[in-house]
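The primary structure of each chain is shown beneath.
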Amino acid sequence: MLELADKYQFEASLLQRGNQYAEAQTAYESMLKYDRGAERLFTYAHYLQKQNNFSSATTHYKEALGLYRTFAASNPSVYMADVATILNNLAVLYRDQNQMDDALAAYTEALALRRTLAASNPGVYGIDLASTLGMGVDLLGRPQADLMEAKTILLRFEQIPRANTLLGVIDELISTEV
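Just so it is clear, the structure is predicted and the values come from calculations on it, not from any experiment. (Residues numbered from 1 in each chain as written. Predicted model: local features only at pLDDT ≥ 70, side-chain atom pairs only at ≥ 80, totals over all residues. Heavy atoms only, no water.)

1. Some thoughts on the overall build of the chain
The helix and strand tally for the chain stands at nine helices and zero strands. What you see in the chain, going N to C, is helices and strands ordered as α-α-α-α-α-α-α-α-α. Expressed along its principal axes, the backbone C-alpha trace of the chain runs to roughly 50 × 35 × 35 Å. Here the chain, with 178 residues, has 41% of them falling under the buried criterion. Summarising the internal contacts of the chain: among those between residues at least 6 apart in sequence, 49% fall at separations of at least 24. With an accessible surface of roughly 9,400 Å², the chain has 53% of that area assigned to carbon and sulfur atoms. Across the chain, the 15 positively charged side chains and the 21 negatively charged ones have centroids separated by 1 Å. (Helix = DSSP H or I, 4+ residues; strand = E, 2+ residues; numbered from the N terminus. Buried < 20%, exposed > 50% of the residue type's maximum accessible area, 1.4 Å probe, protein only. Contact = heavy atoms within 4.5 Å. Areas by Shrake-Rupley, 256 points an atom, 1.4 Å probe, with all protein chains shown as cover. Lys, Arg positive; Asp, Glu negative; His and termini not counted. Charge placed at Lys NZ, Arg CZ, Asp CG, Glu CD.)

2. Topic: the packing of helix H3 (residues 38-50) against helix H4 (residues 54-74)
Relative orientation of the contacting elements H3 and H4 amounts to 155°, with a least axis distance of 8 Å. Our classification of the angle between H3 and H4 gives roughly antiparallel. H4 is crossed by H3, and the crossing has left-handed handedness. The segment H3 lies against H4, with Ala38, Glu39, Leu41, Phe42, Tyr44, Ala45, His46, Leu48 and Gln49 engaging Phe54, Ser56, Ala57, His60, Tyr61, Glu63, Ala64, Leu67, Tyr68 and Phe71. Residues that form the contact of H3 with H4 fall into these classes: 13 nonpolar, four polar and two charged. (Axes fitted to C-alpha atoms, helices over the stretch in contact; angles between N-to-C directions. Parallel < 35°, antiparallel > 145°, perpendicular 65-115°, else oblique. Left-handed = near helix turned anticlockwise from the far one by under 90°. Nonpolar A, V, L, I, M, F, W, Y, C, P; charged D, E, K, R; others polar.)

Next comes the structure, spelled out in structure tokens:
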């Protein structure tokens, strides 16, 4: 069964790259018939979010979140980052639907998890924390001090391209807020 799920996921990815979105969605839905694992649910939810299918994306993110929370209860060092990522994505999704209370709740939990993760392993999770801090200011009106905290974190990782990209975004946000 997993082989069929793999096949449909690969097919969906190819169709998506070819801008064949309806066909990609059908392939993703076929994938889930064979495997409703947390990672596949997340992949499909992310696809749906990019397609502005917010209701279905929310449903699939929440299903994946429930699974990852269960996994994290027994193995937090492995799965807590996945919980934080889904909450971060849900915050953006809720904000895009003007559900600001839900967006803030998801963001606040994601930020707390990312702070915990970064405290225990800054080299792995620091950039994610900085990204979430910047997102909070940009999308949810969080305090400007969060941008300076994000910048301080990112400066430790200047040799990493993703950190440099985020530094550019943070600098732009800082300059537009002045």
